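# What the coordinates show
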Amino acid sequence: MDDAAGPTTPRAGAETLLRARYGLSPAVVVRAPGRVNLIGEHTDYSEGFVLPAATDAALWAAAAPLPEPLVRAVSAAEAEETVFPTSAPRQGPVPSWGRYLQGMAAVLAEAGVSLRGLALGLDGDLPVGAGLSSSAALEIAAGLAFLACAGHPLDRRSLARLAQRAEVEHVGVRCGIMDQLAVTLARAGHLLLIDCRSLEVEPVPLPAEAVLVVCDTAVPRRLEESGYNTRREEVEAAARALAAARPGVRSLRDLALRDLPLVHALPAPLDRRARHVVTENARVLEAVQALRRGDLAAVGTLLRASHRSLRDDFEVSTPELEAMVAAAQESPGCVGARLVGAGFGGAVLALVERGREAAFVAAAGAAYRRRTGRSGRFLVTGAAAGAEVLTGSQDGTW
Ligand code: GLA
């Protein structure tokens, strides 16, 4: 693995980094995948429904204990090291990617985990800022490494909740729970229907005749600088107004399609924001039914409707996302496409007939370049298993 040609896999990359920077052999290795969401966008923070999967692309963390009470981390994707004390994880300046590690350490400590010193080497093939939730992967990878080091068992839902808290409190993005639950609970070959109120999950097989293609516009966005928090405030304002009109409404999850006349009476733009959430929840449940009966064409129709709703009602699209959706829709094998993740930049998700993905990528890449002058990036993925902890080499000491 340490040969002159360099590491050949992200796992080997993470282990090599740990050895090269800290002279340590990995005691624990963690794989945390990215997430891609088939449908159910901007519904999680209204306690609604989402249908994500984990990507084959993942972040890998190799970890080893340190004698001193410090967390030290290096990443193949970042120039600067992250260092902070285990006794006061929020302390000290760290590079921006280190805030996710600090946040995770802080919420675990507050939850009663006694953190021990550790060194981390991180590497992966998960693109950052492409709408694949590299941030949740980083939180969960670090969280699992901290827990393994502390010898502290924790169930996956609690870990996901803590990771969400770390992002809200420490990074300043008021994200929902979808990404962290997808990264921790995903099942290979399946999409995961998540009820973001009960946190119950139901695996739904991804049809064998389809693959997921993430079509990155190559225009990254940082969520904390985008309108994400504004959208969340608008949705909460809409829910408060509707609760006044109809007691018992706790969030937009409590409204169904038949309640749309009530939604349309809200002042703009709250009417459109709420309409997106209510109709999107209905589309998720319809998509699950369509998948179960193998009706890919119906899924495609729902993906296109989801995109229109995100563009016109939720207003989170951009010119590049529009160009990419159009490029995807006109390319061979495309069942349906829509912007994925928060929007405001990032990526489009296309559902593509298996066997036609190479032709799809070539055509969509050319069409996107024609429209924008930019080179998009494409990632074909199946539905992978959620995060896992693997033991490292035998010389680890914890
Ligand atoms: C981001 C957030 C998620 C979710 C999506 C939009 O990825 O982290 O919680 O709200 O945006 O669906």
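Residues numbered from 1 in each chain as written. Predicted model: local features only at pLDDT ≥ 70, side-chain atom pairs only at ≥ 80, totals over all residues. Heavy atoms only, no water.

What follows covers the sheet that holds strand 2 (residues 49–50). Judged by pairing direction, the sheet is antiparallel, and its 3 strands sit side by side in the order 2-7-8 without closing on themselves. Looking at which strands have only one partner, the edges of the open sheet turn out to be strand 2 and strand 8 (201–205). Examined bridge by bridge, strand 2 and strand 7 (residues 190–195) share 2 bridges and lie antiparallel to one another. In the strand pairing of strand 7, valine 50 is matched with isoleucine 194. Against the sheet, helix 8 (residues 270–292) touches strand 2, strand 7 and strand 8, its axis set at about 45° to strand 8. (Pairing = 2+ DSSP bridges. Helix = DSSP H or I, 4+ residues; strand = E, 2+ residues; numbered from the N terminus. Contact = heavy atoms within 4.5 Å. Axes fitted to C-alpha atoms, helices over the stretch in contact; angles between N-to-C directions.)

All right, on to the environment of tyrosine 45 then. With respect to the helices and strands, tyrosine 45 occurs in the loop between strand 1 (28–37) and strand 2. Taking the relative accessible area as the measure of exposure, tyrosine 45 reaches 9% and is therefore buried. On a C-alpha basis, the gap between tyrosine 45 and cysteine 175 in space is 7.2 Å, while along the polypeptide they are 130 residues apart. If we skip the residues at most four places from it in the chain, tyrosine 45 touches Gly176, Tyr228, Arg231, Arg232, Val235 and Phe314. (Buried < 20%, exposed > 50% of the residue type's maximum accessible area, 1.4 Å probe, protein only.)

Below, the discussion takes up the site of the ligand. Lining the immediate surroundings of the ligand are Arg35, Glu41, His42, Asp44, Tyr45, Cys175, Gly176, Met178, Asp179, Tyr228, Gly341 and Ala342. In the model, an oxygen atom of the ligand is placed 3.0 Å from a nitrogen or oxygen of the arginine 35 side chain. A distance of 2.7 Å separates an oxygen atom of the ligand from a polar backbone atom of histidine 42. For the ligand, whose accessible area on its own is 310 Å², the fraction buried by protein is 98%. Considering only residue class, the shell around the ligand consists of 5 nonpolar, 3 polar and 4 charged. (Near = heavy atom within 4 Å. Polar contact = N/O pair within 3.5 Å; in protein donor to acceptor, adjacent residues only side chain to side chain. Areas by Shrake-Rupley, 256 points an atom, 1.4 Å probe, with all protein chains shown as cover. Nonpolar A, V, L, I, M, F, W, Y, C, P; charged D, E, K, R; others polar.)

Turning our eyes to something else, we now look at the side chain of aspartate 259. Inspection of the secondary structure assignment puts aspartate 259 in the loop between helix 6 (228–245) and helix 7 (260–264). The buried category is assigned to aspartate 259, whose relative accessible area is 7%. The residues touching aspartate 259, leaving out its near neighbours within four places in the chain, are Arg246 and Asp254.

With that out of the way, let us pick up the pattern of salt bridges. Per the counting criterion, the structure on display carries 30 salt bridges. Ionic pairing is found between arginine 165 and glutamate 110, a salt bridge with its closest N-O pair at 2.7 Å. Pair noted here: arginine 165 is in helix 4 (residues 156–171) and glutamate 110 is in helix 2 (residues 98–110), with a separation of 55 residues, a long-range link. Arginine 292 is the salt-bridge partner of glutamate 202, the closest N and O atoms lying 2.5 Å from each other. With a gap of 90 residues between them, glutamate 202 in strand 8 and arginine 292 in helix 8 connect regions that are remote in the sequence. Since its relative accessible area comes to 36%, glutamate 202 is described here as partly exposed. Classification of arginine 292 by relative accessible area gives partly exposed; the value is 47%. Each of Arg231, Glu234, Arg272, Arg273 and Glu315 takes part in salt bridges that share partners, so that together they form one network. (Salt bridge = Lys/Arg side-chain N within 4 Å of Asp/Glu carboxyl O.)

What follows concerns the nonpolar core. By size, the foremost hydrophobic cluster in this structure holds 114 residues, and its most contacted members are Leu38, Leu51, Met104, Phe146, Leu252, Leu351 and Phe360. Ranked by residues supplied to this core, first place goes to helix 3 (residues 134–150) with 11 residues. Among residues more than four places away in sequence, those in contact with leucine 38 are Leu51, Pro52, Leu191, Leu212, Leu291, Val299, Leu303, Arg338, Leu349 and Leu351. Core analysis: the second largest hydrophobic core is formed by 12 residues, Leu17, Val29, Ala58 and Ala119 among them. (Core = buried A, V, L, I, M, F, W, Y, C linked by side-chain atoms within 4.5 Å.)

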